[in-house]
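Observations on the three-dimensional arrangement
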Amino acid sequence: MKSGFVSVVGRANVGKSTLMEKILGEKISIISNKPQTTRDEIKIIYNDENSQIIFLDTPGIQTPRNKLQEHLLEVSEESLKDSDIVTFIVDNSLSIGRLDKMILKLLEKVNRPKVLLINKCDLLDEGEIDQIKKTYIGLNMFDYIIPISALNDENIDKYIEIIKEMLDEGPLYYPSDMITDKNERFIVSEIIREKALQSLNNEIPHGIFVRIDDFKKRENKNLYDIYATIIVERTTHKEIVIGKNGQKIKTIGMKARPEIETFMDSKINLKLWVKVEKDWRKKQKLVTRFGYK
Ligand code: GDP
Ligand code: K
Ligand code: MG
């Protein structure tokens, strides 16, 4: 039995969540066009007859500007140290950008085998892929460099094969039918948060948090009552999330409910509230209370 932990790092929007989703074939992490939607570390567990790979999907690394972002960077560093293999994902950019350089510096300190995935190769021609490959070969840091397209499921099987080859013999760390170590509440809150972000466009950049207040199955019924609160930073934001005549919050609920029903395989009665916690991201105490630590 081969098993072990593989951390997956890369700046926001290179396609980490898309890759994880493809590996599992199910919605586990959150996909969004906006950076920093994956706030918490999520373990994605891949199982087959003779291996178990635990992927650590980390939040997008950004230059820390506030307490929440500082915390995100710490999470990334921690999961690097905890893992047997490190995967660094970049996208189709032809040269190494500022944030990628920052991550490379972080990786230099980590004495683990490293795989580089060049994602979004569907947007590149052969010559461009070679050019990016050469740039990274020049760094002398990676044991393998694999061009992939997470979106089109290209070369992901090759990546899994290489990971299996590199891992040592090990135990079954988690029950083999477990797909993620995050509980249902967390995933439900992520679905609501994703729908809120989609419905709000850029009106409230990143300043929302979804708290599950109640999560109960009705006796003798395939029906859950789920009560959740969308927490915003400002009163003006609260008005935006509620919308004219409550239209916006209604839309968020309508989009989230069918997805939660699919995920839970059950009927859902979803009730949403909106509450202001002033500048919650700046206050470390609240960041901690909301479970980021
Ligand atoms: P993350 O922030 O690293 O988790 O990135 P996401 O998985 O959320 O992806 C960010 C955006 O890139 C989304 O719009 C994805 O659809 C897109 N994307 C991801 N992988 C690919 C790929 O292989 N090719 C292309 N063209 N787009 C991709
Ligand atoms: K994203
Ligand atoms: Mg993500």
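Residues numbered from 1 in each chain as written. Chains lettered and ligands numbered in written order. Predicted model: local features only at pLDDT ≥ 70, side-chain atom pairs only at ≥ 80, totals over all residues. Heavy atoms only, no water.

The chain has the name GTPase Era in an unreviewed UniProt entry, where Anaerococcus porci is given as its organism. UniProt, in the comment section headed Sequence similarities (unreviewed entry), describes the chain in these words: "Belongs to the TRAFAC class TrmE-Era-EngA-EngB-Septin-like GTPase superfamily. Era GTPase family." Check the Subunit (unreviewed entry) section of the UniProt entry for the chain; it says "Monomer." (UniProt positions renumbered as here; feature names shortened; annotations may be inferred.)

1. Some points on the overall build of the chain
Looking only at helices and strands, the chain features 9 helices and 9 strands. Within the chain, the fraction of its 293 residues that count as buried is 53%. A separation of at least 24 residues holds for 71% of the contacts in the chain among residues at least 6 apart in sequence. Approximately 14400 Å² of the chain is accessible, and the part contributed by carbon and sulfur atoms is 47%. (Helix = DSSP H or I, 4+ residues; strand = E, 2+ residues; numbered from the N terminus. Buried < 20%, exposed > 50% of the residue type's maximum accessible area, 1.4 Å probe, protein only. Contact = heavy atoms within 4.5 Å. Areas by Shrake-Rupley, 256 points an atom, 1.4 Å probe, with all protein chains shown as cover.)

2. Comments concerning the packing of helix α6 (residues 184–200) against helix α8 (residues 247–264)
Running from N to C, α6 and α8 cross one another at 145 degrees; their axes reach a closest spacing of 9 Å. Crossing angle aside, the handedness with which α6 passes α8 is right-handed. Of α8, the residues touching α6 (which contributes Glu184, Ile187, Val188, Ile191, Ile192, Glu194, Lys195, Ala196, Ser199 and Leu200) are Lys248, Ile252, Lys255, Ala256, Glu259, Ile260, Phe263 and Met264. By residue class, the composition of the contact of α6 with α8 is 11 nonpolar, 1 polar and 6 charged. (Axes fitted to C-alpha atoms, helices over the stretch in contact; angles between N-to-C directions. Left-handed = near helix turned anticlockwise from the far one by under 90°. Nonpolar A, V, L, I, M, F, W, Y, C, P; charged D, E, K, R; others polar.)

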